Every structure is written in C-alpha cells, then in structure tokens.
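What follows is the residue order along each chain.
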Amino acid sequence: MKLLTSIKKTFILATVILLFSNFTANLSFAETTTEPETQINLSISINEEPSEIVLDWECNTLDVDHYNVYSSTDSDFKPGDANTLLSEVSANEFLDTNGIYANETKYYYVAAIDSDGNELAVSNMASNTADDYNDYGNEDIQWSRANPNAGAIWLLQDFISDYVIIHYTINGQQYDEYMSHVSGGDWIIEFDDLGAVEDFSFTYHIFGFQYDSK
C-alpha cells in the first residue's frame, strides 16, 4: 500500500514538472518570436534656391501611405495646429511655393502617416530665414523668395502716421492705395510683380496735417 502511494506521488510530481516545462518553453518561444515595434526616424533639410524653398527627408519604413508637411512663422507651433498643413505628399520631398518674405523665418515639420490615417512619426523642426533687401533712404523694399517678381514695399517712419497712401504707376496707369500698418511707424504694401511698379511716392497724415514724400 505504501509503495502504491509513493508511485502515485511520483507520477503526480512528474506530471506537474512536465506541464511546467511545456508552459515555460511556450512562453520562451512566444517571447523570442514577438516582432519589435516599427521605429520611424525622419530627417529634414532645407536647400534654398534663388526663388524656392525645398524640403527633403528620409524615412526608414515602407509602411508610410503619405507625408503631411506643416509650416508656420511661429517657432512654437506644433504639427496639426490649425492652418499649418501645407500639403500631403507621397514623395520624400516638397517644394514650398508660398516662399518667404525678407526678414522672415519659416518653420517646418514632416509627419509620416499610414493608410489608416495614423501618425507614425514626426520629424525634427527645420527652419529658413530670408535676408533683407534694403533700398536707400527711408524706403525698404523687401522681396519674396517664392517668386522673384513678387515682393513688398515698406515705409519705415520714426513716428506713427494716421494713415499712409502710396502713389505708383504700372504701364503708365497711376494707382493710389492705402498701405497696411504693420507696427509702430512701419507700413507695407505687397505686389505680385514688384518690378513693374514705377515712380512711387507717399502721402501720410499725422496730427491733422497731410504730407507728401515728394
């Protein structure tokens, strides 16, 4: 009777050991066959041409459906903020045809998006700053790098006018327009073809009096 009881105990112990061994073996197999999470590493660079801003980047996965390109003149903006999406592209490059005005900085992000619309990864921030183009005197002409013909005329004053009117001609036709007040004594007007603007002068109003620049 004691021998039979001993055999039963040995059999039960062997069964437990066998089941535990199979469980740990299956667990080990499951751990070694789990696929690692996909890692997305994006890089971005800006190559400045005479009249365009080019973005290009690299991505280490083939699971991308497209890329979202974001841009803002605010360095604190985040991808997905309102009105910052420039385009959705399938290639690893993008041409920003909006360009950049003189003395302005634009900031960019690129995000990888899968076929379900999920954001896989976001690149580092890249930026580009345009230089000034200064005319002599009190007139500051600033060009757009998006289009060599486009640009803006600035009037920089040491005082704040009530308003400023610019007088100019294009192809012999005279125009008179109110300039936009930027801040302080700075006023601006933008043109699609700045080179066509001729013979411009200014009229400004301050303290109830009107003055002409010439």
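What counts and what doesn't
- Residues numbered from 1 in each chain as written.
- Predicted model: local features only at pLDDT ≥ 70, side-chain atom pairs only at ≥ 80, totals over all residues.
- Heavy atoms only, no water.
- Helix = DSSP H or I, 4+ residues; strand = E, 2+ residues; numbered from the N terminus.
- Contact = heavy atoms within 4.5 Å.
- Areas by Shrake-Rupley, 256 points an atom, 1.4 Å probe, with all protein chains shown as cover.
- Pairing = 2+ DSSP bridges.
- Axes fitted to C-alpha atoms, helices over the stretch in contact; angles between N-to-C directions.
- Core = buried A, V, L, I, M, F, W, Y, C linked by side-chain atoms within 4.5 Å.
- Buried < 20%, exposed > 50% of the residue type's maximum accessible area, 1.4 Å probe, protein only.
- Salt bridge = Lys/Arg side-chain N within 4 Å of Asp/Glu carboxyl O.

The helix and strand inventory of the protein stands at one helix and 16 strands. For the protein, contacts bridging at least 24 residues in sequence account for 57% of all contacts bridging at least 6. Of the roughly 13900 Å² that the protein leaves accessible, carbon and sulfur atoms contribute 50%.

This part takes up the sheet that holds strand β12 (residues 173–178). Spatial ordering of the open sheet is given by β12-β11-β15-β16, a layout of four strands whose pairing is antiparallel. Of all the strands in the sheet, just β12 and β16 (209–212) have a single pairing partner and so form its edges. Neighbour to neighbour, the strand axes of the sheet diverge by 20 degrees on average, direction disregarded. Both strand β15 (residues 198–206) and β16 contribute to a ladder of four bridges, which runs antiparallel. Counterpart to Tyr204 in the pairing with β16 is Tyr211.

Core analysis: the biggest nonpolar cluster contains 15 residues, and Ile153, Ile166, Met179 and Phe202 have the highest contact counts within it. Counting residues per element, this core draws most heavily on β15, at four residues. Sequence-distant contacts of Met179, defined by excluding residues within four places in its chain, comprise Ile153, Leu155, Val164, Ile166, Trp187, Ile188, Ile189 and Phe202. Of all hydrophobic cores here, the second largest spans 14 residues; its members include Trp57, Ile100, Ala112 and Ala130.

Scanning the model with the defined rule gives one salt bridge in all. Between Asp96 and Lys106 there is a salt bridge; the shortest N-O distance is 2.9 Å. Taken together, the positions of Asp96 in strand β5 (residues 93–96) and Lys106 in strand β6 (residues 105–113) put the pair 10 residues apart, joining distant regions of the chain. Residue class for Asp96 comes out buried when judged on its relative accessible area of 1%. What makes Lys106 buried here is its relative accessible area of 9%.

For strand β11 (residues 163–170), the tally of buried residues reaches six of eight residues, placing the bulk of the element in the interior. Here β11 runs beside β15; their pairing, made up of six bridges, is antiparallel. Bridge assignment links Val164 to a residue of β15, and that residue is Tyr204. With six bridges joining them, β11 and β12 adopt antiparallel strand pairing. Note on β12: the bridge partner recorded for Ile166 is Glu177. Linking β11 to β12, which pair antiparallel, is a turn of two residues; within it Asn171 sits at a positive phi near 55 degrees.

Turning next to unusual backbone geometry. You will see that Asn171, though not glycine, has its phi angle at about 55 degrees, which is positive. Despite not being glycine, Asp199 has its phi angle at roughly 50 degrees, a positive value. Relative to the helices and strands, Asp199 resides in strand β15.

None of the figures reported here should be taken as evidence of function without further support.
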